[in-house]
Amino acid sequence: GQQVMQIPQYQHVQEGEDFTTYCNSSTTLSNIQWYKQRPGGHPVFLIQLVKSGEVKKQKRLTFQFGEAKKNSSLHITATQTTDVGTYFCAGPANTDKLIFGTGTRLQVFP
Amino acid sequence: DVKVTQSSRYLVKRTGEKVFLECVQDMDHENMFWYRQDPGLGLRLIYFSYDVKMKEKGDIPEGYSVSREKKERFSLILESASTNQTSMYLCASSLGTALLLAGGLEQYFGPGTRLTVT
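Residues numbered from 1 in each chain as written. Chains lettered and ligands numbered in written order. Predicted model: local features only at pLDDT ≥ 70, side-chain atom pairs only at ≥ 80, totals over all residues. Heavy atoms only, no water.

Undergrad: Mind laying out the overall build of chain A, listing which residues take part and the relevant values?
TA: A count of helices and strands for chain A gives zero helices and eleven strands. Ordered by position from N to C terminus, the α and β elements of chain A give β-β-β-β-β-β-β-β-β-β-β. Relative to the compact-globule value of 13 Å for 110 residues, chain A shows a C-alpha radius of gyration of 13 Å, a close match. Taken over the C-alpha atoms alone, chain A extends approximately 40 × 25 × 20 Å along its principal axes. Considering chain A as a whole, with its 110 residues, one finds that 49% of them fall into the buried category. Accessible surface, chain A: about 5,200 Å² in total, of which carbon and sulfur atoms supply 50%. Charged side chains of chain A number 11 positive and 7 negative; the gap between the two group centres comes to 6 Å. (Helix = DSSP H or I, 4+ residues; strand = E, 2+ residues; numbered from the N terminus. Rg over C-alpha atoms; globule rule 2.2 N^0.38 Å. Buried < 20%, exposed > 50% of the residue type's maximum accessible area, 1.4 Å probe, protein only. Areas by Shrake-Rupley, 256 points an atom, 1.4 Å probe, with all protein chains shown as cover. Lys, Arg positive; Asp, Glu negative; His and termini not counted. Charge placed at Lys NZ, Arg CZ, Asp CG, Glu CD.)

See the structure below:
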């Protein structure tokens with residue numbers, strides 16, 4: 001069945017360093033979403049990418065959708081302690097449900 | 001803002017008990033979902049519903065059932081709780097079909113219920 005994998009599973013960085021998480025789907029996606037889950041919290045929608053090769057920015061966060069629409073990445077520039085959490089990508093299955101990636105847990109040391 | 005509420009943040013039940021987890025959303029969303037989240041396994045879909053009285057199995061429906069009698073409410077039922085159902089349960093809702101490119105696809109999550117079965 002359709003699978004969405006993310007790497008790395010964990011990432012520890014020093015505050016101020018950059019961070020990137022990668023998302024790979026076994027099938028072509030019509031769009032891809034990213035969510036952030038703070039420790040002890042619930043996933044919160046960040047952004048949706050639709051077009052092949054699309055790049056979107058939210059302050060220090062840059063999201064990219066691959067040309068083949070099978071992969072995506074989230075890059076955080078100059079991480080801050082507020083960036084701590086688990087980042088999930090998600091792509092639609094053939095119904096109204098989403099397939100969530102395995103998540104990347106980011107820890108930022110001050 | 002969309003608000004999704006869940007009946008309990010923490011719940012402790014005994015093996016064999018029948019457990020009801022309630023979820024309510026206030027934005028008239030068509031779709032509602034139940035996930036469980038376990039360390040290292042991410043979010044796994046249990047059941048979802050795209051309309052009142054309609055339901056579809058997700059990836060791990062065994063041991064669970066659902067009920068959607070009203071559009072705003074989606075209940076998850078553990079018919080006979082077992083220790084391997086100890087987990088964080090998350091409810092979510094979304095407005096439209098996943099195939100729409102114009103949005104309305106994002107899911108809004110409730111705060112979660114941490115269920116412990118002893």
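Undergrad: Account for the interface of chain A and chain B, with residues named and values stated.
TA: Across the contact, 20 residues belong to chain A and 26 residues belong to chain B. Here chain A packs against chain B, burying approximately 1,900 Å² in sum over the two surfaces, 58% of which is carbon and sulfur. Connecting chain A to chain B are zero salt bridges. Applying the counting criterion to the chain A and chain B interface returns two residue pairs in polar contact (both at pLDDT 80 or more). Of all the secondary-structure elements, those providing two or more residues to the side of chain A that touches chain B are strand 4 (32-37), strand 5 (44-49), strand 9 (85-92) and strand 10 (98-100) of chain A. The element that contributes the greatest number of residues to the side of chain A that touches chain B is strand 4 of chain A, accounting for three residues. Class assignment for the residues of the side of chain A that touches chain B results in eight nonpolar, ten polar and two charged. (Contact = heavy atoms within 4.5 Å. Buried area = accessible area lost by both parts, 1.4 Å probe. Salt bridge = Lys/Arg side-chain N within 4 Å of Asp/Glu carboxyl O. Polar contact = N/O pair within 3.5 Å; in protein donor to acceptor, adjacent residues only side chain to side chain. Nonpolar A, V, L, I, M, F, W, Y, C, P; charged D, E, K, R; others polar.)

Undergrad: Can you tell me about the state of the cysteines, naming the residues and giving the values?
TA: A full pass over the atoms with the stated rule returns two disulfides over all chains. Paired by a disulfide, Cys23(A) and Cys89(A) hold their sulfur atoms 2.0 Å apart. As the torsion about the S-S bond is roughly 80°, the Cys23(A)-Cys89(A) disulfide counts as right-handed. Of the two residues, Cys23(A) sits in strand 3 (residues 19-25) while Cys89(A) sits in strand 9, which places them 66 residues apart along the sequence. This pair shows no difference in class: Cys23(A) is buried, exactly as Cys89(A) is. In this model Cys23(B) forms its disulfide with Cys91(B); the gap between the sulfur atoms is 1.8 Å. In this structure the cystine formed by Cys23(B) and Cys91(B) twists about its S-S bond by roughly -75°; its chirality is therefore left-handed. Placement of Cys23(B) in strand 3 (residues 19-25) and of Cys91(B) in strand 9 (residues 87-94) is noted, with a sequence separation of 68 residues between them. Here Cys23(B) and Cys91(B) have matching classes, each one buried. (Disulfide = S-S within 2.5 Å.)

Undergrad: Describe in detail the pairing of strand 6 (residues 54-57) of chain B, supporting the description with residues and values.
TA: Residue and element names in this part refer to chain B. One ladder, built from three bridges, connects strand 5 (residues 42-51) with strand 6; its direction is antiparallel. Within strand 6, the position partnered with Tyr47 by the bridge is Lys57. Counting the residues in the hairpin turn of strand 5 and strand 6 gives two residues, including Lys53, whose phi is positive at 65°. (Pairing = 2+ DSSP bridges.)

Undergrad: Please set out the sheet that holds strand 8 (residues 73-78) of chain B residue by residue, giving values where relevant.
TA: Residue and element names in this part refer to chain B. In spatial order, the strands read 1-3-8-7; together these four strands make up an open sheet with antiparallel pairing. On the outer flanks of this sheet lie strand 1 (4-6) and strand 7 (64-70), each paired with one strand and no other. Strand-to-strand twist across the sheet, computed as the mean angle between neighbouring axes with direction ignored, equals 20°. Both strand 7 and strand 8 contribute to a ladder of five bridges, which runs antiparallel. (Axes fitted to C-alpha atoms, helices over the stretch in contact; angles between N-to-C directions.)

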